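Listed below are the residues making up each chain.
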Amino acid sequence: MQHDLQKKRSGLALVPFVIFVAIYLGAGLILQAQGVEMAFYQFPSVTAMFIALLAAFAITKGPLDQRFAIFARGASNIDVVTMLMIYLLAGAFSSVAGAMGGRDATVNLGLSLIPVQFLTAGVFIISAFMGTATGTSMGTISAIVPIAVGVAGKAGLSIPLMVGACVGGAMFGDNLSMISDTTIAATRSQGCEMRDKFRVNFFIALPAAVITIVVLLVAGRPEVMPVMDDLSYSFIKVVPYLLVLILALVGINVFLVLTIGIFAAGAIGLATASLDLFGFAQAIWNGFTGMNEVFFLTLFCGGMSEMIAHNGGINWLIEKLRGMIRGNKSAQVGIAALVSLSDFATANNTVAIVVSGSMAKEISQEYKVDPRRTASLLDVFSCVFQGVIPYGAQLLSAAALSVANGYAMSPVDIVLNLWYCWILAIVGLASVFIPFADGVCKKDPWNWEYDVAESGVAAKKALLKAEKSSV
C-alpha cells in the first residue's frame, strides 16, 4: 500500500482523453443537431485521437526520444498488436467472402430459417453463445457482424440495432466465459476460483440478457413485414462463415480461424468462378485497407494510454476514488467506478482489470467485500465500459465491418443501440444494494482472517526471496 502511494499521481495526465472525447463526440453532436448527414464522420476520429496524442506528448516530461519510447511501448503492447492483426484478418475475410457471394448466400439462408421478427434477438443469442464458448468478444464480432449487417439490410431491420445486438451478445460471452482473459484476470487478481466468480456473475448477467432479449423482440420487430421475393442461395458459399464459427467455437486460435476463412472463401470463389486469382488478391488487399481507420485509432490509443499511465493518470483515479469510500456498499460502487474509469483511460477491459485489481483487493479486504463479489464487479463493469466507449476495440471493429459490408455507421450509432451493456450496468448497480446475486457468498462465507494472513505470508516470502536474490 505504501508503495502504491509513492507512485506518480496526476489528474492532468487524463487531459488527452478528455480532449479526444470533447473533439470527437462534441463535433458529432453539434453537427447532428444541425441536421448534417453522417455527423460523426465529418471530423475523423483518427484526427481527433492524433490531436489528443500531441497533447499527451506535450504534458509528458523528459527528452522527446524518451516520450516516444513510452508511446512505442504502449503501441507495441501484445494486446494492441493482437487487436491490430485481428482487424486486418477480419477485414480480409469479410471482403473475400463478400466478393465471392458468401454474404448474400448466408443472408438468404438466415432469412429462410428464422422468422424476420425474431432475427435481432436471435443474433444476440447466437453472439452470446459464441462469445461464451470462445471467450473472445473480438472473434465473435468479426465472425457475426458481416452476416448481421447483410441480414438486417435484406429484412428491412434497423442495422445499428442489429449490430448493437451482436456486440451486446459478444460482451455477454466475454464477461461470463471461463476462458475469457477478463475472467482470468479478475479471478487471479482477487484470489478466487473461476467457478465461484461465474456463479456470482451469472445472476447479474442472466437477468440483463433476458431483459435485453425482451427489448430486442419488441424494438427489433419491423413495423412492416418485408416480402422476401428471392431467397435462393448456394450452400457452398455459406461454408466459409460456418467454418469460421465452428472453428472458433471449438477453441482454435482466432488468427488461424480467420486465415482459414480467408483462403476457404477464396478457394470456393475460384472453384465457382465467382473470383479469379487477381480478384482474390485484390479482395484481401481491400479488406486490409478497409480497416485503416480502426487500425490507426487503436495504434494511437494504445500508445497514448501508456503515456497516461506513465504520467500518473490511473493512480490519480485510484486515489480519488479511495477517498470517497465509507462502507461496504460504497466500497462496491467504488470498485465498479475504479475499473470503469480505468477502462475509459486504457480502452482495454483486461488491462483495466489488471491495473485496478490490486487496489480493488485492498478495498475489498478493508471493507469486507467478498473477493468473489469483487471479481464479478471488476469483470461486469469493465465489460460495460468496454462496450460503450466509442474508441474501444469492439465498437471500432463493429463499425468498420459494417462499413466494409456496405453500411456507413459510426461507433456512436452502435452505442445508442447497445441495449445489453446499458441494462447490465443498471442490473450490476442494483445487485450492490439488493444482493440477489450473492447466494454463493452467503452459502460459502469467505475466511477473511485466513485470506489476509495468507497474503501477508506470501508478501514476506516474496520479500525474503528478493533479498536473497540481491545478495
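Residues numbered from 1 in each chain as written. Predicted model: local features only at pLDDT ≥ 70, side-chain atom pairs only at ≥ 80, totals over all residues. Heavy atoms only, no water.

Q: So what's going on with the overall build of the chain? Residues and values would help.
A: Within the chain, the regular secondary structure consists of 24 helices and zero strands. Here the chain, with 471 residues, has 52% of them falling under the buried criterion. A sequence separation of at least 24 residues applies to 81% of the contacts in the chain between residues at least 6 apart. Summed over its atoms, the accessible surface of the chain is roughly 20,100 Å², and 67% of this surface lies on carbon and sulfur atoms. (Helix = DSSP H or I, 4+ residues; strand = E, 2+ residues; numbered from the N terminus. Buried < 20%, exposed > 50% of the residue type's maximum accessible area, 1.4 Å probe, protein only. Contact = heavy atoms within 4.5 Å. Areas by Shrake-Rupley, 256 points an atom, 1.4 Å probe, with all protein chains shown as cover.)

Q: Talk me through unusual backbone geometry; I want residue IDs and the actual numbers.
A: In this model, Ala-273 sits at a positive phi of 65°, which is unusual for a non-glycine residue. Inspection of the secondary structure assignment puts Ala-273 in the loop between helix H13 (254-271) and helix H14 (277-289). A positive phi angle, close to 55°, is found at Lys-368, a residue other than glycine. Structurally, Lys-368 can be placed in the loop between helix H18 (349-366) and helix H19 (371-388).

Q: Requested: an account of the side chain of Thr-374, with residues and values cited.
A: Inspection of the secondary structure assignment puts Thr-374 in helix H19. You can call Thr-374 buried: its relative accessible area is 0%. Non-local contacts of Thr-374, meaning those with residues more than four positions away in its chain, are made with Gln-190, Ile-335, Ala-360, Ser-364 and Val-369.

Q: Outline the confidence of the model for the chain, supporting the account with residue identities and numerical values.
A: Mean pLDDT over the chain stands at 81; residues scoring 70 or higher make up 86%. Considering only residues more than four positions removed or in separate chains, one finds that residues 1-6, a stretch of pLDDT under 50, has six contacts. Per-residue pLDDT stays below 50 along residues 466-471; that stretch engages in zero contacts with residues further than four places along the chain or on separate chains. (pLDDT = per-residue confidence, 0-100.)

Q: Go over the packing of helix H2 (residues 15-33) against helix H3 (residues 45-59), please, and point to the residues and values.
A: In the contact formed by H2 and H3, the axes pass within 8 Å of each other and the chain directions differ by 155°. By the angle between their directions, the pair H2 and H3 is classed as roughly antiparallel. H2 and H3 meet at a crossing whose hand is right-handed. The residues of H3 that touch H2, namely those facing Pro-16, Ile-19, Phe-20, Ile-23 and Tyr-24, are Ser-45, Ala-48, Met-49, Ile-51, Ala-52, Ala-55, Ala-56 and Ile-59. Looking at the contact of H2 with H3 residue by residue, the classes come out as 12 nonpolar, one polar and no charged. (Axes fitted to C-alpha atoms, helices over the stretch in contact; angles between N-to-C directions. Parallel < 35°, antiparallel > 145°, perpendicular 65-115°, else oblique. Left-handed = near helix turned anticlockwise from the far one by under 90°. Nonpolar A, V, L, I, M, F, W, Y, C, P; charged D, E, K, R; others polar.)

Q: So what's going on with a nonpolar patch on the surface? Residues and values would help.
A: A cluster of nonpolar residues, Leu-113, Ile-114, Phe-118, Ile-126, Leu-206, Val-210, Val-214, Leu-217 and Val-218, forms a patch on the protein surface that exposes about 770 Å² of accessible area. Element by element, the count of residues in the nonpolar patch is highest for helix H11 (residues 194-219), at five residues. Structurally, Ile-126 can be placed in helix H7 (residues 119-134). (Patch = residues over 30% accessible without salt bridge, like charges linked within 9 Å, V, L, I, M, F, W, Y side chains within 5 Å. Salt bridge = Lys/Arg side-chain N within 4 Å of Asp/Glu carboxyl O.)

Q: Got a sec to walk through the environment of Asn-201? Specific residues and values, please.
A: Looking at where Asn-201 falls in the secondary structure, it is placed in helix H11. Once you skip the residues sitting within four places of it in the chain, Asn-201 turns out to touch Asn-175, Leu-176, Ser-376, Asp-379 and Val-380.

Q: Give a detailed account of the layout of surface pockets, specifying residues and quantitative values.
A: Over the atoms rolls a probe the size of a water molecule, and in doing so it shows where empty space is left. Empty space within the second largest pocket amounts to approximately 400 Å³. Taken together, 17 residues make up the lining of the second largest pocket; nearest its centre are Thr-106, Gly-110, Ile-114, Ile-126 and Ile-147. Elements with a contribution of two residues or more to the lining of the second largest pocket: helix H6 (102-113), H7, helix H8 (137-155) and helix H12 (239-249). For the lining of the second largest pocket, the per-class residue count stands at 14 nonpolar, three polar and no charged. (1 Å grid on protein atoms, 1.4 Å probe; cavity = no way out; pocket = protein on both sides within 12 Å on 5 of 7 lines; lining within 4 Å. Points joined across faces, edges and corners; volume = space filled by probe spheres on them.)

Q: Explain helix H22 (residues 419-433) to me, using residue names and the numbers behind them.
A: In a regular helix each residue adds 1.5 Å, so 15 residues correspond to 21 Å; H22 covers 22 Å between its end C-alpha atoms and thus fits that length. Here H22 has its buried residues at Tyr-420, Cys-421, Ile-423, Leu-424, Ala-425, Val-427, Gly-428, Ser-431 and Val-432. (Expected span 1.5 Å × (residues − 1).)

Q: Run through the pattern of salt bridges, naming residues and quoting values.
A: Two side chains bearing opposite charge may form a pair once their charged atoms approach each other closely. Summed over all chains, the structure comprises four salt bridges. Here Arg-199 makes a salt bridge to Asp-196, at a shortest N to O gap of 3.2 Å. Placement of both Arg-199 and Asp-196 in helix H11 is noted, with a separation of three residues, approximately one turn of the helix. A salt bridge links Asp-370 to Arg-372; the nearest nitrogen and oxygen atoms lie 2.7 Å apart. A residue is classified by how much of its surface remains accessible, and Asp-370, at 10% relative accessible area, is buried.

Q: Any chance you could break down the packing of aromatic side chains for me, citing the residues and the numbers?
A: Scanning all chains against the criterion turns up 10 aromatic pairs. Ring centres 6.2 Å apart and planes at 40° place the aromatic pair Phe-50 and Phe-300 in the tilted group. Placement of the pair is Phe-50 in helix H3 and Phe-300 in helix H15 (residues 292-310), with a sequence separation of 250 residues. Classification of Phe-300 by relative accessible area gives buried; the value is 17%. Look at Phe-93 and Tyr-241: their rings are 5.4 Å apart centre to centre, the planes differ by 75°, and that puts the pair in the edge-to-face class. (Phe/Tyr/Trp six-rings, centres within 6.5 Å; stacked < 30°, edge-to-face > 60°.)

Q: Residue-level account of the environment of Val-145, with values.
A: You can see Val-145 is positioned in helix H8. Overall, Val-145 belongs to the buried group, its relative accessible area being 0%. Val-145 has contacts with Val-163, Cys-166, Ala-398, Leu-401 and Ser-402, leaving out every residue within four places of it along the chain.

Q: Provide a residue-level description of the packing of H19 against H22, including the pertinent values.
A: Contact geometry of H19 with H22 gives a least axis separation of 9 Å together with a crossing angle of 155°. On the basis of the axis angle, H19 is roughly antiparallel to H22. As H19 runs across H22, the sense of the crossing is left-handed. On H22, the residues that touch Arg-373, Leu-377, Val-380, Phe-381, Cys-383, Val-384, Gly-387 and Val-388 of H19 are Cys-421, Trp-422, Leu-424, Ala-425, Gly-428, Leu-429, Ser-431 and Val-432.

Q: Go over the environment of Ile-86 with me, naming the residues and quoting the values.
A: With respect to the element layout, Ile-86 can be found in helix H5 (residues 78-99). On the basis of relative accessibility, which here comes to 5%, the residue Ile-86 falls in the buried class. Residues Ile-86 and Gly-139, 53 residues apart in the sequence, show an inter-C-alpha distance of 7.9 Å. Those residues in contact with Ile-86 that sit more than four places away from it in its chain are Met-138, Ser-142, Val-254, Phe-255 and Leu-258.

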